[in-house]
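For reference, the chains in residue letters:
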Amino acid sequence: MEKILVLNFGGQYDQLIARRVRDLNVYAEILPYTVPLETVAEGGYRGIIFTGGPNSVYLEESPHYTPEILKLGIPVLGICYGAQLMSYMLGGTIEHAGTREYGLTQIRADHSSLLFKGIPETNNVWMSHTDYISGVPEGFAVTAVSENCPCAAMENEEQRLYAVQFHPEVTHSEYGRAMLSNFLFLVCGCRGDWVMDDFIEKTVQELRETIGDRGVVLGLSGGVDSSVAAALLSRAVGRQLTCVFVDQGLMRKDEGDMVEEAFKDAFEMNFVRINCQEKFLSYLKGVTDPEEKRIIIGTQFYKVFWDEIRARYSQGFFAQGTIYPDRIESGKGDAAKIKTHHNQVGLPEDVHFKGVIEPLKDLFKDEVRRVGEKLGLPHDLVWRQPFPGPGLGVRVIGEVTAERVRILQNADAVLRDEIRRSGYEDQLSQFFAVLPGVRTVGVMGDARTYSELVAIRAVTTDDFMTADWAKIPCDILGRISSRIINEVEGVNRVVYDITSKPPATVEWE
Ligand code: XMP
């Protein structure tokens, strides 16, 4: 399989670049700039992309790389900081501009360059830099300029080294996709062999070989990743697969049944559902602190799950729905940021499996969804919004009781129904109801009420690191409010959360 290396120099765009490359049907993997040269040389890469980064190349502490990488004979495309680094490595000069060039910028590109083939001479790109290349290295030609940037792109065609000051990977760059495509197909000579049908076929084959006639057990959460992993394993080994679904009673209304329905009869497997709402509610009795609730739910989930596995299945393989971003996020250099991702659960010491299987470990989320659709999973499951592990436990603020979970589930179901009917669903990244634990006075008929307040949260975001509150039209909000109050007993007021992240988080707890 053809591979492109995305060498990360600390920018925030590494995953985006890799996804763009994969969208063009070429497999890309990300490595940090600390990776040894031998790994790069022996990795079988068709091309290398240096990412951007926030630093200045002349600072000693900035990420650098040995110039030998440019002599491997592998085509390189440097982006932003990566472009300056390429210039610096080869003896070009970089200068610090007085002002930062930021935003949409028109460039004039030389379309006799392979990189700009088929692209209009003037086009808009996304710039974000303060330093710029003031003198290109020997053997290089400037192939694009902008008003403020004497070298918006440079290249040494013979050595197949290319550099762009702007960001072709962001959608604001009008012809960014075409430029990346030119790099992959015209410069690196890729053919584009990364296609999901092949992935399914190849992975099914590999799973069969690894698992043989043993059993494999998977923890199914009803989330996208574990669901797609389940469907893939079912295709590979059928009833040798056992899926354990722990329903702690803190999922959205009817969601447990939806998961069961999607898998139990539709896919060949053993489906084990453990209903334990009462148990979880008893552990949460009297607990109001959000972190304490998270810990209780997490610990109990782990216990129920592993008790089941320990009792029955610890012979064969253990599978989990780890995806590519989980692995990169868990392994990033900054110690403060290292975390074990929720998709990768720790294995108890007393359970011994033959091995751990992670069939989706190289896929991005959008690729996981495409695989899920091809495997015939229901649309609602494949396009499911993110849902926190502790479930409604962190959306029922204060003590979690059966009655309050019921109120929240019903309010949330109305919200979902109304958003769907209004055709607004595709415009939202995540939306849900919250029970803030505030009771307010109201009047219904002639009677005074003193009931729960429901808050609606809806956000738009690309990555959930930052998010904007969604500008849902007032008439839709009005319908949601009156339907919740009419249809959900115990609620007499609805408010809409108009806070972005930061300063707020998406969830309330
Ligand atoms: P926050 O609230 O941190 O949420 O802005 C960002 C995204 O993460 C989800 N989230 C969680 N997911 N366990 C999870 O698996 C959790 O404890 C958790 N807390 C927040 C949240 O739904 C949003 O998509």
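Residues numbered from 1 in each chain as written. Predicted model: local features only at pLDDT ≥ 70, side-chain atom pairs only at ≥ 80, totals over all residues. Heavy atoms only, no water.

**Thoughts on the overall build of the chain**
- Secondary structure assignment for the chain yields 14 helices and 19 strands.
- Taking 23 Å as the expected radius of gyration for a compact globule of 509 residues, we find that the chain reaches 26 Å, a close match to that expectation.
- The principal-axis extents of the C-alpha atoms in the chain amount to approximately 80 × 60 × 40 Å.
- Out of the 509 residues belonging to the chain, those deemed buried represent 55%. (Helix = DSSP H or I, 4+ residues; strand = E, 2+ residues; numbered from the N terminus. Rg over C-alpha atoms; globule rule 2.2 N^0.38 Å. Buried < 20%, exposed > 50% of the residue type's maximum accessible area, 1.4 Å probe, protein only.)

**Some details on the nonpolar core**
- Core analysis: the biggest nonpolar cluster contains 50 residues, and I419, V454, I456, I472 and I484 have the highest contact counts within it.
- Residues from two domains meet in this core; each of domain 2 (196-382) and domain 3 (395-496) gives at least three.
- Not counting the four nearest positions on each side in its chain, I419 is found in contact with Y424, E425, L428, F431, I472, I476 and I480. (Core = buried A, V, L, I, M, F, W, Y, C linked by side-chain atoms within 4.5 Å. Domains from an automatic or database assignment. Contact = heavy atoms within 4.5 Å.)

**Looking at the site of the ligand**
- Surveying the vicinity of the ligand reveals 12 residues, the closest of which are R294, Q430, K501, V506 and E507.
- Contacts to the ligand include K501, whose side-chain N or O atom sits 2.7 Å from an oxygen atom.
- At 2.5 Å, a side-chain N or O of E507 approaches an oxygen atom of the ligand.
- For the shell around the ligand, a count of residues per class yields 5 nonpolar, 4 polar and 3 charged. (Near = heavy atom within 4 Å. Polar contact = N/O pair within 3.5 Å; in protein donor to acceptor, adjacent residues only side chain to side chain. Nonpolar A, V, L, I, M, F, W, Y, C, P; charged D, E, K, R; others polar.)

**Quick look at helix 14 (residues 474-487)**
- The first and last C-alpha atoms of helix 14 sit 20 Å apart over 14 residues, in line with the 20 Å expected at 1.5 Å per residue.
- Turning to helix 14, its buried residues are I476, L477, I480, R483 and I484. End-on, the buried residues of helix 14 take up no more than an arc of 135°, which puts them together on one face. What points out from helix 14, more than 90 degrees from its buried face, is the exposed set C474 and N486.
- Looking at the buried positions of helix 14, the neighbouring elements they touch are helix 13 (402-421), strand 17 (447-460) and strand 19 (491-496). (Expected span 1.5 Å × (residues − 1). Arc of directions from axis to C-beta.)

**Side note on the pattern of salt bridges**
- Taken as a whole, this structure holds 35 salt bridges when the rule is applied.
- Between R327 and D362 there is a salt bridge, with its nearest N and O atoms 2.7 Å apart. Residue R327 is found in helix 10 (residues 324-331), and its partner D362 is found in the loop between strand 14 (355-357) and helix 11 (365-374); the two are separated by 35 residues along the sequence.
- Take R327: its relative accessible area is 31%, and that puts it in the partly exposed class.
- The network of salt bridges with shared partners includes D417, E418, R421, R479, R483 and E487. (Salt bridge = Lys/Arg side-chain N within 4 Å of Asp/Glu carboxyl O.)

**Digging into the side chain of T51**
- Within the secondary structure, T51 sits in the loop between strand 3 (47-50) and strand 4 (76-79).
- Judged by relative accessible area, T51 falls into the buried class, the value being 1%.
- Engagement of the side chain of T51 in a polar contact is seen with the side chain of N8, the distance being 3.2 Å.

**Some words on the sheet that holds strand 11 (residues 241-247)**
- The strand order across the open sheet built from 5 strands is 12-11-10-13-14, with neighbouring strands paired in parallel fashion. One side of each edge strand has no neighbouring strand; the edge strands of this open sheet are strand 12 (270-275) and strand 14. When the angles between neighbouring strand axes are averaged without regard to direction, this sheet yields 25°.
- Relative to strand 13 (residues 317-319), strand 10 (residues 216-220) runs parallel, the two sharing 3 bridges. When the sheet's bridge partners are listed, V216 is paired in strand 13 with F317. (Pairing = 2+ DSSP bridges. Axes fitted to C-alpha atoms, helices over the stretch in contact; angles between N-to-C directions.)

**Points about the domain arrangement of the chain**
- Considered domain by domain, the chain is made up of domain 1 (3-187), domain 2 (196-382) and domain 3 (395-496).
- For domain 1 versus domain 3, the separation of C-alpha centres amounts to 46 Å.

**A word on the packing of helix 5 (residues 196-211) against helix 6 (residues 224-237)**
- The contact between helix 5 and helix 6 brings their axes to 9 Å, and the two run at 65°. As helix 5 runs across helix 6, the sense of the crossing is right-handed. Touching F199, I200, T203, V204, L207, R208 and I211 of helix 5 are L232, L233, R235, A236 and V237, all from helix 6.
- When grouped by side-chain class, the residues that make up the contact of helix 5 with helix 6 number 9 nonpolar, 1 polar and 2 charged. (Left-handed = near helix turned anticlockwise from the far one by under 90°.)

**Brief notes about the packing of aromatic side chains**
- Scanning the model with the defined rule gives 18 aromatic pairs in all.
- Seen from their ring centres, W194 and F199 are 5.9 Å apart, and the 70° between their planes marks the pair as edge-to-face. Exposure class is identical for W194 and F199. Each is buried.
- Considering the side-chain rings of Y324 and F364, the 5.3 Å spacing of their centres and the 85° angle between planes classify their relative orientation as edge-to-face. On the criterion of sequence distance, the pair formed by Y324 in helix 10 and F364 in the loop between strand 14 and helix 11 is long-range, its members being 40 residues apart.
- When its relative accessible area of 5% is taken as the criterion, Y324 is described as buried.
- Within the aromatic cluster, the residues linked to one another by ring pairs are Y302, F305, W306, F318 and F353.
- The side chain of R22 reaches across the aromatic face of Y324, ending 5.0 Å from its centre.
- The ring centre of F432 lies 3.7 Å from the NZ or CZ of R395, which sits over that ring. (Phe/Tyr/Trp six-rings, centres within 6.5 Å; stacked < 30°, edge-to-face > 60°. Lys NZ or Arg CZ within 6 Å of the ring centre and 35° of its normal.)

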